[in-house]
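So the chains spell out like this:
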Amino acid sequence: MICRLFQPDTNVYITGMSKKPDPIKSEMRHDQLAKEIRKHDALYYQEDTPEITDAKYDALRRELEEIEAHYPHLKTGDSPSTSVGATPSSRFAKIEHSIPMLSLSNAMNAEEVYDFIDRIKRFLNLTNEEQITVFGEPKIDGLSCSIRYENGRLVSAATRGDGQTGEDITANIKTLKTVPHTLAGNPPAVIEVRGEVYMSHADFETLNKRQEADGAKLFANPRNAAAGSLRQLDPKVTEKRPLKFFAYALGATSDPIADSQTGIRDQLKSYGFDVPHDIVCTDTTQGLLDYHSQMEEQRADLGYDIDGIVYKVNDLALQDRLGFVSRAPRWAIAHKFAAEKAVTRLEDITIQVGRTGTLTPVAELKPVTVGGVVVSRATLHNADEIARKDVRIGDTVRIQRAGDVIPQVLGPVLEKRAPDTLPYKFKPVCPVCGSLAIREEGEVAYRCTGGLICDAQAVERLKHFVSKYAFDIDGLGDKIIRQFWEEGLIHTPADIFRLKGKNAELDNPLENREGWGRQSVKNLFDAIEAKRKIALERFIYALGIRQVGQATAKRLAQRYEDFDTLRKEMTIAADPSSESFARLINIDDIGPSVAADLAAFFSEPHNQEALEALLEEVQVGPYVAVQTSETSVSGKTVVFTGKLEKMSRNEAKASAERAGAHVSGSVSKKTDILVAGADAGSKLKKAKELGIHILSEEEWIEQTRAV
């Protein structure tokens, strides 16, 4: 496929990939979900004015992750599937989390809870008959934070932030009566206690009455009130707000305090913290489901908001073995409560244009509250869905805000349809640039053909380039990127780093314009200058190559280690018969389709020009492996073969990555180690012929035990 860097080709060819069902529909959904999540991250974590509940937000992420699992190439945009939270607000000082504050994957029904338990057993190589004890507790709908104690005394507190860095709310957290300043008992020298700041229903009602009497802004729900109260610049304001804290987890500790989740809970309670009530600990999945049903029935009587149940493997040693995937632990999951529905008026249908040119119809609704959330927009997916459901502008429609999907239109209420309404006609024209939109045979979505002139696509690609997991340039948000694009200041990535020079040549420089000032312009240019050096994996991701998301970018960085080598190898890999192509598809999770897209990207002349210009402005650092500790297999290429008895194949791969090794799927002269399980066949034979170092499963475990 021909891929152009920020100048997409209008002729799309896919090589080396078998046809998948509805790929364009999935890409359309992915683009919309990513945009929605970025918007809600800012509203939730920075502004404390979310438009949706935590359940809805988690559902957006969940759907995005499910789409990417089926269609990995859709990680081409600014995918938030591996992110947590949002960049901390500049209003607060920052605190780095010693251990990242990650999020949770979701289960929406009983089947997915069973799948969760089955995945754990497969990873741990357990039989169906072997039981896993699981701890369950209510999922509090509040604001997550981490509180650090040293020698039993509270020294700092931080919000989740982006999972790596949070906002310093130490002074504010000290005003909460349910947060001890000094821990009881005999805590370790250092302990970080994590939990949820929340507001009870009764306190929320009292607060809003006081706000109304004072002529102040009313809060939409208890979560908003808790977040807004905790993130005050003046602790005296926080002190007047009736906030409470539930402790439920640990961050960094100098010494372990328990060997189970129930043990952690008991210890936190002994230190003086409130902990969630009505927990369960069971070794049957049905026991978890019964508990979930019980809590769903009781949630209205709890006196505070919960939006589901969190299940955690109780044994901490098993948690360590299971580890993490992407932005969430393998050993925990949030089981959400049921969907809610409402009826409202469909006032219009608008078309959004995604980064790759896909056209997505969106229902513009008369705002309606569904379970405490105001919904004004909902997806209509594509033209075929509109025709199938026969929804028309002016219809009264049923909408659903379910845990497993973003707000969607279920269908019209036909008995309320006006007699003069007409079926909606999807116009095959891009609403941004006016170019023809085409739909290839067998696909469901229309795509704008104006790739070289369509502002929507170019701007979205630039947004991706400066996004959080790419160059992460502060001050270049959506509005600023669009403004600079429209003014001709930025058209390519290299232009971003030439902006200061261009500004000096303008008749009306930025610092003289409304909304700007000398300091704000200086801050922007300083932020850009600070990003002239970038890690290899971030640079690869920033290029926006089709099918290359964060995980793939990291694997490429691990394998090729510097950009010059990567670029040279990808150019040679344009020949599917070359050794470079063979080496590329041997990288774990990179197949012929991804390899073809990578090779096409680096071979395309427009991309080569854009890269040369960009590399004149930035310095791409070599890959630096991050590992728990140095081991004898660090930097080695490892292949697993045969049946492993003590761990699953996934656990083996995870152990290799933690030890700093590269995992490959086939044996070659580049292979350093072959780990041979029972019944090893042709790979073992080839490894012996090539003189490759061979380890048994037990020897591998011993060499990587340190991590």
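Please read all numbers here as calculations on a predicted model, not as lab measurements.

### Concerning the overall build of the chain
Here comes step 1: A count of helices and strands for the chain gives 25 helices and 26 strands.
Here comes step 2: Burial statistics for the chain: of 707 residues in total, 56% are counted as buried.
Here comes step 3: Within the chain, residue pairs in contact and separated by at least 24 positions form 70% of the contacts whose partners lie at least 6 positions apart.
Here comes step 4: Of the roughly 31000 Å² that the chain leaves accessible, carbon and sulfur atoms contribute 49%.

### Here we look at the environment of K312
Here comes step 1: Looking at the secondary structure, you find K312 in strand β10 (residues 306–313).
Here comes step 2: Using a relative accessible area of 7% as the deciding quantity, one classes K312 as buried.
Here comes step 3: Expressed as a C-alpha distance, the spacing of K312 and G136, which sit 176 residues apart in the sequence, is 6.4 Å.
Here comes step 4: In contact with K312, not counting residues within four places along its chain, are T133, V134, F135, E137, Y248, A249, Q261, Q319, W331 and A332.
Here comes step 5: There is a polar contact of 3.4 Å between the side chain of K312 and the backbone oxygen of Y248.

### Details of the packing of aromatic side chains
Here comes step 1: Using the criterion set out here, one finds 14 aromatic pairs in the structure.
Here comes step 2: Aromatic pair F539 and F563: ring centres 4.9 Å apart, planes at 85°, arrangement edge-to-face. Taken together, the residues span a long stretch of sequence, with F539 in helix α17 (residues 536–542) and F563 in helix α19 (residues 563–572) at a distance of 24 residues. Each member of the pair, F539 as well as F563, is classed as buried.
Here comes step 3: Ring geometry for F640 and W700: centres 5.4 Å apart, planes at 90°, overall edge-to-face. Within this pair, whereas F640 is found in strand β23 (residues 637–641), its partner W700 is found in helix α25 (residues 697–703), the two being separated by 60 residues in sequence.

### Some points on the packing of helix α12 (residues 455–465) against helix α13 (residues 478–486)
Here comes step 1: Viewed as axis vectors pointing N to C, α12 and α13 meet at an angle of 125°, and their least axial separation amounts to 10 Å. Considering the angle they form, α12 stands oblique to α13. In this structure, α12 meets α13 at a crossing whose hand is right-handed. Counted together, D455, A456, A458, V459, L462 and K463 of α12 and D478, I481, R482 and W485 of α13 form the full contact between these two elements.

### Quick notes on a negative patch on the surface
Here comes step 1: A cluster of like negative charges, contributed by E645, D679, E698 and E699, occupies part of the molecular surface.
Here comes step 2: You can see E698 is positioned in helix α25.

### Brief notes about the pattern of salt bridges
Here comes step 1: For the structure on display, the rule yields 30 salt bridges.
Here comes step 2: Here E150 makes a salt bridge to R148, at a shortest N to O gap of 2.9 Å.
Here comes step 3: A salt bridge links R513 to E487, with the shortest nitrogen-to-oxygen separation between them at 2.6 Å. One end of the pair, R513, is in the loop between α15 (499–505) and α16 (518–529); the other, E487, is in the loop between α13 and α14 (493–497), with 26 residues separating them in the sequence.
Here comes step 4: Accessibility expressed as a relative area gives 18% for R513, which makes it buried.
Here comes step 5: Judged by relative accessible area, which is 38%, E487 ranks as partly exposed.

### Quick look at the packing of α19 against helix α21 (residues 592–603)
Here comes step 1: One way to put it is that α19 packs onto α21 with a least axis distance of 8 Å and a crossing angle of 105°. Comparing the axis directions of α19 and α21 gives the class roughly perpendicular. Seen from α19, the contacting residues are F563, L566, R567, M570 and T571; seen from α21, they are L598, A599, F602 and S603.
Here comes step 2: Considering only residue class, the contact of α19 with α21 consists of six nonpolar, two polar and one charged.

### Things to note about the side chain of H292
Here comes step 1: Note that H292 resides in helix α9 (residues 285–298).
Here comes step 2: You can call H292 buried: its relative accessible area is 6%.
Here comes step 3: Here the side chain of H292 touches K336 through a polar contact of 3.2 Å, landing on its backbone oxygen.
Here comes step 4: Ignoring sequence-local partners within four residues, the contact set of H292 consists of I309, Y311, H335, K336 and F337.

### Examining the sheet that holds strand β13 (residues 332–336)
Strands pair in a sheet through their backbones, by hydrogen bonds, and they do so in one of two ways: parallel or antiparallel.
Here comes step 1: If you walk across this open sheet you meet the five strands as β2-β13-β10-β3-β9, and the pairing is mixed. If you trace the sheet from one side to the other, it starts and ends with β2 (106–107) and β9 (280–282), each paired once.
Here comes step 2: Each of β2, β3 (134–140), β10 and β13 touches helix α3 (residues 110–123); the most contacted strand, β13, lies at about 175° to it.
Here comes step 3: Sitting on the sheet, helix α8 (residues 261–271) touches β3, β9 and β10, and the angle it makes with β3 is about 50°.

### A short note on the confidence of the model for the chain
Here comes step 1: Here the chain averages 84 in pLDDT, and 88% of its residues register 70 or above.
Here comes step 2: The model gives residues 1–21 a pLDDT under 50, and that stretch makes 55 contacts with residues more than four places away or in other chains.

Cut-offs and rules
Residues numbered from 1 in each chain as written. Predicted model: local features only at pLDDT ≥ 70, side-chain atom pairs only at ≥ 80, totals over all residues. Heavy atoms only, no water. Helix = DSSP H or I, 4+ residues; strand = E, 2+ residues; numbered from the N terminus. Buried < 20%, exposed > 50% of the residue type's maximum accessible area, 1.4 Å probe, protein only. Contact = heavy atoms within 4.5 Å. Areas by Shrake-Rupley, 256 points an atom, 1.4 Å probe, with all protein chains shown as cover. Polar contact = N/O pair within 3.5 Å; in protein donor to acceptor, adjacent residues only side chain to side chain. Phe/Tyr/Trp six-rings, centres within 6.5 Å; stacked < 30°, edge-to-face > 60°. Axes fitted to C-alpha atoms, helices over the stretch in contact; angles between N-to-C directions. Parallel < 35°, antiparallel > 145°, perpendicular 65-115°, else oblique. Left-handed = near helix turned anticlockwise from the far one by under 90°. Patch = residues over 30% accessible without salt bridge, like charges linked within 9 Å, V, L, I, M, F, W, Y side chains within 5 Å. Salt bridge = Lys/Arg side-chain N within 4 Å of Asp/Glu carboxyl O. Lys, Arg positive; Asp, Glu negative; His and termini not counted. Charge placed at Lys NZ, Arg CZ, Asp CG, Glu CD. Nonpolar A, V, L, I, M, F, W, Y, C, P; charged D, E, K, R; others polar. Pairing = 2+ DSSP bridges. pLDDT = per-residue confidence, 0-100.

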